[in-house]
Amino acid sequence: MRELRYAIIGAGMMGREHIRNLLAIDNCKVVAICDSHEPSRVAASQLLPEAKLFVNYQDLLNAAELAIDVVVIATPNHLHSSILDDVLVSGVHVLVEKPLCLTVAECELAISQEQTTHCDGRVVWVGLEYRYMAPTARLLTEIQSGTCGDVKMISIREHRFPFLNKVDNWNRFSKNTGGTLVEKCCHFFDVMNLIAGSEAVRVYASGDQDVNHLDEIYDGQKSDILDNAFVIVDYKNGIRGMLDLSMFAEGSKNEQEICVVGSTAKIEALITDSLVRIGRRESGASGVEEIIVAQPEGVVAGFHAGASYLEHLAMQKAIRENSKSEVTLHDGLRSVAIGQAAHLSIELGRAVNINELLK
Ligand SMILES: NC(=O)c1ccc[n+]([C@@H]2O[C@H](COP(=O)([O-])OP(=O)(O)OC[C@H]3O[C@@H](n4cnc5c(N)ncnc54)[C@H](O)[C@@H]3O)[C@@H](O)[C@H]2O)c1
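Student: Any chance you could explain the sheet that holds strand β3 (residues 52-54) here in plain terms?
Tutor: Backbone hydrogen bonds are what pair the strands of a sheet, in a parallel or an antiparallel way. The strand order β3-β2-β1-β4-β5-β6 describes an open sheet built from six strands, whose pairing is parallel. Each edge of the open sheet is held by one strand with a lone partner, namely β3 and β6 (124-127). Neighbour to neighbour, the strand axes of the sheet diverge by 20° on average, direction disregarded. Two elements, strand β4 (residues 70-73) and strand β5 (residues 93-97), share four bridges in a ladder whose sense is parallel. Bridge assignment links V70 to a residue of β5, and that residue is H93.

Student: Looking at this structure, I do not really get the domain arrangement of the protein chain. What am I missing?
Tutor: Often the size quoted for an interface is simply the accessible area lost on bringing the parts together. One can read the domain layout of the protein chain as domain 1 (4-129 + 307-325) and domain 2 (131-300 + 335-356). With centres defined by C-alpha atoms, the gap from domain 1 to domain 2 works out at 25 Å. Across the boundary between the two partners, domain 1 contributes 25 residues, which contact 25 residues of domain 2. Contact between domain 1 and domain 2 buries roughly 2,000 Å² in total, counting both sides, with carbon and sulfur atoms accounting for 65%. When the area that domain 1 buries against domain 2 is broken down by residue, the three leading residues are L102, L128 and L310, summing to 27%. At the boundary of domain 1 with domain 2, the tally comes to one salt bridge.

Student: Just to check I follow, could you spell out the sheet that holds strand β13 (residues 256-262) for this structure?
Tutor: If you trace the nine strands from one edge of the open sheet to the other, you get β16-β15-β14-β13-β7-β12-β11-β8-β17, paired in mixed fashion. Edge positions in the sheet fall to β16 (289-292) and β17 (352-353), since each has one partner strand and no second. Across seven bridges, strand β7 (residues 151-159) lies against strand β12 (residues 240-246) in parallel orientation. Along β12, the bridge assignment pairs I154 with G241. Taken strand by strand, helix α6 (residues 134-144) contacts β7, β13, β14 (265-270), β15 (275-280) and β16, and its axis lies near 165° from that of β14. Of the strands in this sheet, β8 (200-208), β11 (228-235) and β17 touch helix α11 (residues 329-348), which is tilted by about 55° from β8.

Student: Help me out: how do you make sense of the site of the ligand in this one?
Tutor: The environment of the ligand is made up of 27 residues, and the closest members are M14, D35, S40, N77 and K166. Taking V167, its main chain carries an N or O atom lying 3.1 Å from an oxygen atom of the ligand. In this structure, an oxygen atom belonging to the ligand sits 3.0 Å away from a side-chain N or O atom of H187. Relative to its unbound accessible area of 840 Å², the ligand is 91% covered by the protein chains.

Student: Explain helix α2 (residues 38-47) to me, please; I cannot follow it from the model alone.
Tutor: Helical geometry: 3.6 residues make up each α-helical turn, so side chains three or four residues apart lie on a common side. Listed in full, the buried residues belonging to α2 are S40, R41, A44 and S45. When α2 is viewed along its axis, its buried side chains cluster within an angular range of 130° and face the same direction. Facing away from the buried side of α2 by over 90 degrees, the exposed positions are E38, P39 and Q46. Contacts from the buried residues of α2 go to α1 (13-23), β2 (28-34) and β3.

Student: Would you mind going over the environment of M192 with me for this structure?
Tutor: Mapped onto the fold, M192 is located in helix α9 (residues 186-196). When its relative accessible area of 0% is taken as the criterion, M192 is described as buried. Between the C-alpha atoms of M192 and G284, which are 92 residues apart in sequence, the distance is 26 Å.

Student: Help me out: how do you make sense of the packing of aromatic side chains in this one?
Tutor: The geometry of an aromatic ring pair is captured by the separation of the ring centres together with the interplanar angle, meaning the angle of the planes. The tally for this structure, following the rule as stated, stands at two aromatic pairs. Ring geometry for Y130 versus F188: centroids 5.4 Å apart, planes at 80°, classification edge-to-face. A residue pair is termed long-range when its members are at least 10 positions apart, and Y130 in the loop between β6 and α6 and F188 in helix α9 qualify at 58 residues. The buried category is assigned to Y130, whose relative accessible area is 7%. Directly above the ring of F161 sits R160, whose terminal nitrogen or CZ lies 4.1 Å from the centroid.

Cut-off values and rules
- Residues numbered from 1 in each chain as written.
- Predicted model: local features only at pLDDT ≥ 70, side-chain atom pairs only at ≥ 80, totals over all residues.
- Heavy atoms only, no water.
- Pairing = 2+ DSSP bridges.
- Helix = DSSP H or I, 4+ residues; strand = E, 2+ residues; numbered from the N terminus.
- Axes fitted to C-alpha atoms, helices over the stretch in contact; angles between N-to-C directions.
- Domains from an automatic or database assignment.
- Contact = heavy atoms within 4.5 Å.
- Buried area = accessible area lost by both parts, 1.4 Å probe.
- Salt bridge = Lys/Arg side-chain N within 4 Å of Asp/Glu carboxyl O.
- Near = heavy atom within 4 Å.
- Polar contact = N/O pair within 3.5 Å; in protein donor to acceptor, adjacent residues only side chain to side chain.
- Areas by Shrake-Rupley, 256 points an atom, 1.4 Å probe, with all protein chains shown as cover.
- Buried < 20%, exposed > 50% of the residue type's maximum accessible area, 1.4 Å probe, protein only.
- Arc of directions from axis to C-beta.
- Phe/Tyr/Trp six-rings, centres within 6.5 Å; stacked < 30°, edge-to-face > 60°.
- Lys NZ or Arg CZ within 6 Å of the ring centre and 35° of its normal.

Here's what the structure looks like:
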């Protein structure tokens, strides 16, 4: 099997998580790292002393001698659009971290750039890896095999700790992140979209910045990131989705809980416990089945319960087998669209149709 040669653009927390995962996979090698911030470059080169370091990503893309096969973009969200544009021109395979871009309009530009620069066999992948978490993947399999009959309701709860500190505090401002419901919650909207198997048409939301980062001021600007929300999503096929987000809920046993109720059963995935519960209507409360879901063998757990590692394996399989991306730019757009619509709904105090955001 030919070795895949990787370059990482943005070597902060997530870029280094990618490096750790790639170090654990055979037949691939990270040959170049680019970061504009010296401490991030130093930290990444400690993991990979032999990789070539760059300050400017254009220099990395121009370094033909490196024979790069795959670029991973893990810079702050507001830079995804312009960097992806340039990486697509270079023709290499690319994994762009979530959210694909800040807005639907930017995602549409990325999709059009992918088409303009089309290369046969090139894989373009969005880092929406929560779908690969073992309990989520098991829940998706159960739904596909009809365990809960016709799906009607999907609720996802994320109760967790506040946003972490990032380089230059980029994540404290919605202008850099797209807003919390884009930045953080695109993961859950992607999972919701997969479960619903349909297009979101309408979004209603209520949310605010009530507790976190209220006293934080950077360069005279007050942090403006929402820390809690309820978001309701109507799908074209009649399925209803709901997201319940709290970022001041450290005292939660499960950081994420997914619950799907269909015509014949209810399925829950408790992510931190790695537990799936199946409750069939005919069996009632006493017949609820509890399944501990083990990670596939050899998975590097990393910071996302092994999902980043599995994402790389799936992407490498697509590259080697010349098959399609499992997480496309269109998936990226659909997940951003719900988040953007939710922010607009909060701002306008009304339901927002997804059509209002599309070109
Ligand atoms: N998939 C996931 O679950 C997940 C988790 C965390 C973060 N992320 C995403 O990963 C991306 C990075 O987040 P992070 O947590 O690593 O942030 P971070 O601040 O830790 O790292 C970002 C890095 O990008 C570098 N950078 C900024 N501008 C650059 C440029 N022009 N060229 C090269 N490097 C540049 C910064 O110096 C920094 O080192 C974001 O898009 C974020 O949403 C995804």
